[in-house]
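# Coordinates in review
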Amino acid sequence: MAALDSGGESKSHARGGKKHKKKRRLSIRIDMTPMVDVAFLLLTFFMLTTYFSKPQTMELNLPKDQSPIEVAESNLMTLRVASDGAIFWNIGTEPAHRVEMKELRKFLEDKNKENPKLITLLKVDRDGKYSMMIKLMDEIAIAKVTRFSLAPMNEYDKRQIQKARAS
Amino acid sequence: MPKIKKKRLGFKIDMTPMVDVAMLLLTFFMMTTQFRPDEATAIELPASHAPFKMPETDVMIVTVNREGRTFLGVDSQRLRAQLFGEGNKLKPAVEVDRKQLHDLLIQARISNPKLRTLVKGDKDAPFGPVEDILDILRQVNITRFNLVTEMDKS
């Protein structure tokens, strides 16, 4: 039924048309070309507009009020992200050290193994990139660090970063 | 001349299987397609390994584009009309400043307490505006929200 007639045989078709009809009513030929054309058009349309990868989301729970929670200095690790994306870490009030993005996952895992009570504080520079925050939070999630918090970066943190850069 | 032409061109190909497959694909794509929801601004999502799928209904989306401008969008048209006025009913999201965002978030939560908050920031967006938004969310007592990311392929 859906056979397509290529151009050449239309003549013979036209010639035999009358005879055919007289003989039998059964074999009717419908030219399906336009329908198939439309079908392909729709097919390409749907293939191009469809998208399969739905965005993922990262769930975040922030504490309700800012009632300060007291943490022992040795249990607090601060991760600071400078505006150019450089990452610095320190524990308590120790001077900050630089850590590379690639090593971060392993680093976080090690530090948390060393001290299971460790709390991570993430501070991102206002002029930094949003994607840095996502990347770091992703690394933190992958390293299975559940106790972490976000904090705004202040002047003190900036000074710490500068000190770490200088040394 | 006509005789030669006839000999050469008179052939038939049975297109049935091809058309069958095409129709099958067509129905498949028609059934599974989901159109990209329209966006106020083009957003390039950052990548993460977060496992949750983005919810589709009862959401309000705070968008930060790459210049750091903030947009607020909700998924129901009725709520949009209520929050942003009749004229903005058909817009997916409306640009808001910080003060407005604070009030609109409260209003939206009053009209639909089930609303979930999504923060959708561009990969290259500066962190400053995002930090402000997180601050506003804390102020209006939205402590649970989601950050929209793209699946990390690596």
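Residues numbered from 1 in each chain as written. Chains lettered and ligands numbered in written order. Predicted model: local features only at pLDDT ≥ 70, side-chain atom pairs only at ≥ 80, totals over all residues.

### Observations concerning the overall build of chain A
A tally of regular secondary structure across chain A gives five helices and six strands. Ordered by position from N to C terminus, the α and β elements of chain A give α-α-β-β-β-β-α-β-α-β-α. The long-range share in chain A, meaning contacts at least 24 apart out of those at least 6 apart in sequence, stands at 68%. (Helix = DSSP H or I, 4+ residues; strand = E, 2+ residues; numbered from the N terminus. Contact = placed C-beta atoms within 7 Å.)

### Here we look at the overall build of chain B
When its secondary structure is counted, chain B shows five helices and seven strands. The linear arrangement of helices and strands in chain B, starting from the amino end, is α-α-β-β-β-β-α-β-α-β-α-β. Pairs at least 24 apart in sequence give 74% of the contacts found in chain B among residues at least 6 apart.

### Description of the interface of chain B and chain A
Each partner contributes residues to the interface: chain B has 52 residues there, and chain A has 44 residues. If you list the elements that add at least two residues to the side of chain B that touches chain A, you get α1 (2-9), α2 (16-32), β2 (52-53), β6 (116-121), α5 (127-139) and β7 (144-151) of chain B. When the residues that make up the side of chain B that touches chain A are grouped by side-chain class, the tally is 29 nonpolar, twelve polar and eleven charged. (Nonpolar A, V, L, I, M, F, W, Y, C, P; charged D, E, K, R; others polar.)

### Here we look at the nonpolar core
In a soluble, globular protein the nonpolar side chains are often hidden away together inside. In terms of nonpolar packing, the biggest core is built from 45 residues, with Val81(A), Tyr130(A), Met133(A), Leu136(A), Val130(B) and Ile133(B) touching the most fellow members. Looking at this core, the elements with two or more residues in it are β2 (76-81), β3 (87-91) and α4 (130-142) of chain A together with β3 (59-64), β4 (70-74), α4 (98-111), α5 and β7 of chain B. In terms of residue count, α4(A) provides more of this core than any other element does, seven residues in total. If near-sequence neighbours (up to four positions away) are discounted, Met133(A) is found in contact with Val124(A) and Phe127(B). (Core = buried A, V, L, I, M, F, W, Y, C linked by C-beta atoms within 7 Å. Buried ≥ 20, exposed ≤ 12 C-beta atoms within 10 Å, placed from the backbone.)

### With respect to the environment of Leu147(B)
Counting through the fold element by element, Leu147(B) comes out in strand β7. For Leu147(B) and Val62(B), which are 85 residues apart along the polypeptide, the C-alpha to C-alpha distance reads 9.6 Å. Beyond its immediate chain neighbours, meaning those up to four positions away, Leu147(B) contacts Thr57(A), Met58(A), Leu60(A), Ile134(A) and Val119(B).

### Quick notes on the packing of helix α3 (residues 101-114) of chain A against α4(A)
Axes are the key here: two packed helices are described by the angle between their axes and the distance separating the axes. Residues and elements named next belong to chain A. Running from N to C, α3 and α4 cross one another at 30°; their axes reach a closest spacing of 9 Å. Between α3 and α4 lies a crossing whose hand is right-handed. For the pair α3 and α4, contact is made by Met101, Leu104, Arg105 and Leu108 and by Lys135, Glu139, Ile140 and Ile142, respectively. Class assignment for the residues of the contact of α3 with α4 results in five nonpolar, no polar and three charged. (Axes fitted to C-alpha atoms, helices over the stretch in contact; angles between N-to-C directions. Left-handed = near helix turned anticlockwise from the far one by under 90°.)

### A short note on unusual backbone geometry
A positive phi angle is found at Lys144(A), which is not glycine, with a value near 60°. Within the secondary structure, Lys144(A) sits in the loop between α4 and β6 (148-152). One non-glycine residue, Asp58(B), lies in the positive phi region at around 55°.

### Focus: the pairing of strand β1 (residues 56-61) of chain A
As judged from the two bridges shared by β1(A) and β2(B), these two strands associate in the antiparallel manner. Counterpart to Gln56(A) in the pairing with β2(B) is Lys53(B). Across six bridges, the pairing between β1(A) and β7(B) is antiparallel. The residue of β7(B) that forms the bridge with Thr57(A) is Val148(B). (Pairing = 2+ DSSP bridges.)

### What about the packing of helix α2 (residues 33-49) of chain A against α2(B)?
At a minimum axis separation of 9 Å, α2(A) and α2(B) run at an interaxial angle of 40°. Judged on the interaxial angle alone, α2(B) and α2(A) are oblique. Crossing angle aside, the handedness with which α2(A) passes α2(B) is left-handed. Contacts from Val36(A), Ala39(A), Phe40(A), Leu42(A), Leu43(A), Phe46(A) and Met47(A) of α2(A) reach α2(B) at Val19(B), Ala22(B), Met23(B), Leu25(B), Leu26(B), Phe29(B) and Met30(B). Of the residues contributing to the contact of α2(A) with α2(B), the split by class is 14 nonpolar, no polar and no charged. (Parallel < 35°, antiparallel > 145°, perpendicular 65-115°, else oblique.)

### Observations regarding the sheet that holds strand β5 (residues 119-124) of chain A
Across a sheet, strands are paired by hydrogen bonds formed along the backbone, either parallel or antiparallel in direction. Residues and elements named next belong to chain A. Pairing in this open sheet of five strands is mixed, and the strands run β4-β3-β2-β5-β6 from one edge to the other. Only two strands of the sheet have a single neighbouring strand rather than two, namely β4 (97-99) and β6. On average, each strand axis in the sheet is inclined to that of its neighbour by 30°, with strand direction left out of account. For β2 and β5, the ladder comprises six bridges, and the chain directions are parallel. Bridged to Met77 within β5 is Thr120. Running at roughly 80° to β2, helix α5 (residues 155-166) makes contact with β2, β3, β4 and β5 of the sheet.

### Some details on the confidence of the model for chain B
Mean pLDDT over chain B works out to 82, with 91% of the residues at or above the 70 mark. Reported for the predicted complex are a pTM of 0.70 and an ipTM of 0.71. (pLDDT = per-residue confidence, 0-100.)

### Regarding the pairing of β4(B)
Residue and element names in this part refer to chain B. With five of five residues buried, β4 is to be regarded as a mostly interior element. Going residue by residue along β4, you find Thr70, Leu72 and Val74 tucked away on one face and Phe71 and Gly73 tucked away on the opposite face as well. Between the antiparallel neighbours β3 and β4 lie five residues, among them Gly68 with a positive phi of about 90°.

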